[in-house]
Amino acid sequence: MSERIALIDYGAGNLRSVHNALMAAGAQAVDVAANASDVAAADRIVLPGVGAFGACMQALSALPGMVDALHDAAVEKKRPFLGICVGMQLMAERGEEHGTHDGLGWIAGTVKPMASVDPQLKIPHMGWNDVTPHGAPPLIERGEAYFLHGYHVALADPADSYAITDHGGPVTAAIGRDTMIGVQFHPEKSQGYGLDFLSRFLAWRP
Amino acid sequence: MTVRKRIIPCLDVANGRVVKGVNFVDLADAGDPVEQARVYDAAEADELCFLDITASHEERDTLLHIVERTAAVCFMPLTVGGGVRTPDDARRLLLAGADKIAVNSAAVARPELIGEMAERFGSQCVVGSIDARADGKGGWEIFTHGGRRGTGVDAIAHAQRLASLGAGELLVTSMDRDGTKDGYDLALTRTIADSVSVPVIASGGVGTLDHLVAGISEGHADAVLAASIFHFGAYSIADARAALAAAHIPVRRRESVG
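Residues numbered from 1 in each chain as written. Chains lettered and ligands numbered in written order. Predicted model: local features only at pLDDT ≥ 70, side-chain atom pairs only at ≥ 80, totals over all residues. Heavy atoms only, no water.

Asks: Would you take a moment to explain the overall build of chain A for this structure?
Replies: A count of helical and extended segments in chain A gives 6 helices and 13 strands. For chain A, whose C-alpha radius of gyration is 16 Å, the value lies close to the compact-globule estimate of 17 Å for 206 residues. Taken along the three principal axes of its C-alpha coordinates, chain A extends 50 × 35 × 30 Å. Of all 206 residues assigned to chain A, the portion counted as buried reaches 59%. Long-range contacts, defined here as pairs at least 24 residues apart, represent 69% of the contacts in chain A between residues at least 6 apart. In the form shown here, chain A has an accessible surface area of approximately 7300 Å², with 51% of it arising from carbon and sulfur atoms. Positive and negative side-chain charges in chain A, numbering 14 and 22 respectively, have mean positions lying 3 Å apart. (Helix = DSSP H or I, 4+ residues; strand = E, 2+ residues; numbered from the N terminus. Rg over C-alpha atoms; globule rule 2.2 N^0.38 Å. Buried < 20%, exposed > 50% of the residue type's maximum accessible area, 1.4 Å probe, protein only. Contact = heavy atoms within 4.5 Å. Areas by Shrake-Rupley, 256 points an atom, 1.4 Å probe, with all protein chains shown as cover. Lys, Arg positive; Asp, Glu negative; His and termini not counted. Charge placed at Lys NZ, Arg CZ, Asp CG, Glu CD.)

Laid out in structure tokens, this is it:
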């Protein structure tokens with residue numbers, strides 16, 4: 001398999017962990033890609049991400065041509081795309097973490113703080129929780145995965161929801177459309193469940 | 001169901017070696033933290049914690065290398081603490097593969113560090129680590145330097161301050177109980193857990209599985225940390241999980257056996 005997998009390097013803290021996990025999940029090679037040209041040449045793209053939405057979008061936008069290259073590859077050319085955690089949140093139109101910031105705008109919705117109505121409900125949402133598929137989405141299987149986030153994607157169109165979890169009510173766990181998918185949980189930190197998910201993504205021919 | 005309560009084995013590391021003797025069998029090198037991490041990954045611990053108790057400047061690269069090697073073979077969440085004094089210290093550990101960074105003494109000396117890290121990397125990866133002793137007057141005082149140095153700082157106020165500055169989690173260790181096997185200081189754990197909106201990890205003093213259960217049911221902790229009861233083989237992660245489940249505490253189902 002000589003497929004080219006581009007793992008976008010824009011300084012995200014989980015870059016190495018995602019790289020390790022993709023290799024453990026069966027990837028032959030993963031290109032750590034900081035150039036737009038690497039993305040244009042890729043057959044499959046993974047966007048990692050942890051931290052604040054605005055800071056991540058700013059770092060991604062600071063790579064010359066990267067946002068356009070991602071749009072061209074994932075939206076126009078329909079190359080399989082996976083966003084992880086904040087990498088998933090960036091797929092939305094905007095984020096409301098430390099001010100309002102534009103996202104990539106591929107999926108209609110806004111990234112909002114998780115509101116704690118119940119004082120017993122701890123924020124950030126941290127730990128293992130259910131991944132419950134919504135309908136019959138690609139790649140997502142029922143199971144338990146590791147979540148670590150204080151913001152969540154509020155989708156405009158429920159059809160873009162691929163999975164939910166539960167933290168004081170339903171919380172978006174996965175989103176997607178056509179050849180793109182984003183997961184709020186960390187497959188690179190979800191032991192067997194996470195590696196199996198990444199294996200399915202690597203084999204995905206949507 | 002809801003988010004699961006977590007079971008976190010903790011490895012104390014000094015000069016690149018696991019400090020407390022461990023009697024896992026079948027390990028080529030029982031003092032190698034990475035070998036230990038693999039055992040806990042295979043046992044499906046919910047997270048792993050490395051605390052570098054030397055954490056001198058010279059040892060930083062040793063710790064980074066351990067984190068790198070661990071992240072290459074373990075696909076579980078990893079909290080790392082010890083000697084983190086600046087956001088750049090934290091960044092190096094995150095890039096090496098750590099998911100959360102625990103800050104202790106430096107956040108007593110300069111609590112703003114917590115806010116600086118939260119702004120740069122997000123609250124979700126900032127753990128405020130609190131070592132406290134009962135003050136004999138019904139409260140608790142923050143201690144640093146492995147519990148040897150009192151600070152006069154009230155532990156509850158400090159915990160609330162770290163949470164408000166952006167710590168996404170608090171690791172609360174009773175220095176009175178640490179190493180005693182008498183159980184967590186439940187009043188300390190509960191007082192902090194009930195006064196902050198972020199998750200709290202109970203730490204210090206576990207000797208039995210009942211102590212783990214009490215940390216959650218009576219201490220109101222979101223996660224329970226233990227070292228020697230796991231390292232010395234008295235109980236397995238599966239034993240701990242079964243004990244919590246028997247007490248109707250939500251825990252992970254064990255899906256794979258390996």
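Asks: What's the story with the layout of surface pockets in this structure? I'm lost.
Replies: Rolled over the atoms, a probe as big as a water molecule pinpoints where empty space is left. Residue and element names in this part refer to chain B. Of the volumes computed, that of the largest pocket is approximately 1100 Å³. As for the largest pocket, its lining consists of 41 residues, of which Leu51, Ile53, Asn104, Asp131 and Gly146 are closest to the centre. Elements represented by at least two residues in the lining of the largest pocket include exactly strand E1 (6-14), strand E3 (48-52), strand E5 (100-103), helix H4 (105-109), strand E6 (126-134), strand E9 (169-174), strand E11 (223-226) and helix H9 (228-231). (1 Å grid on protein atoms, 1.4 Å probe; cavity = no way out; pocket = protein on both sides within 12 Å on 5 of 7 lines; lining within 4 Å. Points joined across faces, edges and corners; volume = space filled by probe spheres on them.)

Asks: So what exactly am I meant to see when it comes to the packing of aromatic side chains here?
Replies: Centre-to-centre distance and the angle between the planes together describe a pair of aromatic rings. All names here are of chain A. Using the criterion set out here, one finds 6 aromatic pairs over all chains in the structure. Taking 5.9 Å as the distance between ring centres and 70° as the angle between the ring planes, the aromatic pair formed by Trp128 and Tyr146 counts as edge-to-face. Residue Trp128 is located in strand E8 (residues 125-133), and its partner Tyr146 is located in strand E9 (residues 143-149); the two are separated by 18 residues in the primary sequence. Side by side, Trp128 and Tyr146 carry an identical accessibility label, which is buried. Centre to centre, the rings of Phe185 and Phe197 are 5.8 Å apart; their planes meet at 75°, and the pair counts as edge-to-face. Highlighted residues: Phe185 in the loop between strand E13 (180-183) and helix H6 (191-202) and Phe197 in helix H6, separated in sequence by 12 residues. Each member of the pair, Phe185 as well as Phe197, is classed as buried. Members of the aromatic cluster, each reached through a chain of ring pairs, are Phe147, Phe185, Tyr193 and Phe197. One residue, Arg44, lies across the ring of Phe201, its end atom 5.5 Å from the ring centre. (Phe/Tyr/Trp six-rings, centres within 6.5 Å; stacked < 30°, edge-to-face > 60°. Lys NZ or Arg CZ within 6 Å of the ring centre and 35° of its normal.)

Asks: Would you mind going over the sheet that holds strand E11 (residues 161-166) of chain A with me for this structure?
Replies: Note: strands within a sheet are paired through backbone hydrogen bonds, in either parallel or antiparallel orientation. Residue and element names in this part refer to chain A. The mixed open sheet is built from 9 strands, whose spatial order is E2-E1-E3-E4-E13-E12-E11-E8-E9. In this open sheet, the two edge strands, each paired with only one partner strand, are strand E2 (31-33) and E9. Each adjacent strand pair in this sheet contributes to an overall mean axis angle of 25°, direction not counted. As judged from the 2 bridges shared by E8 and E11, these two strands associate in the antiparallel manner. If you follow Pro133 over to E11, its bridge partner there is Ala163. Together, strand E1 (5-8), E2, strand E3 (44-47) and strand E4 (81-84) form the strand contacts of helix H1 (residues 15-24), whose direction differs from that of E1 by roughly 160°. (Pairing = 2+ DSSP bridges. Axes fitted to C-alpha atoms, helices over the stretch in contact; angles between N-to-C directions.)

Such coordinate-based values are descriptive only and should not be taken to indicate function.
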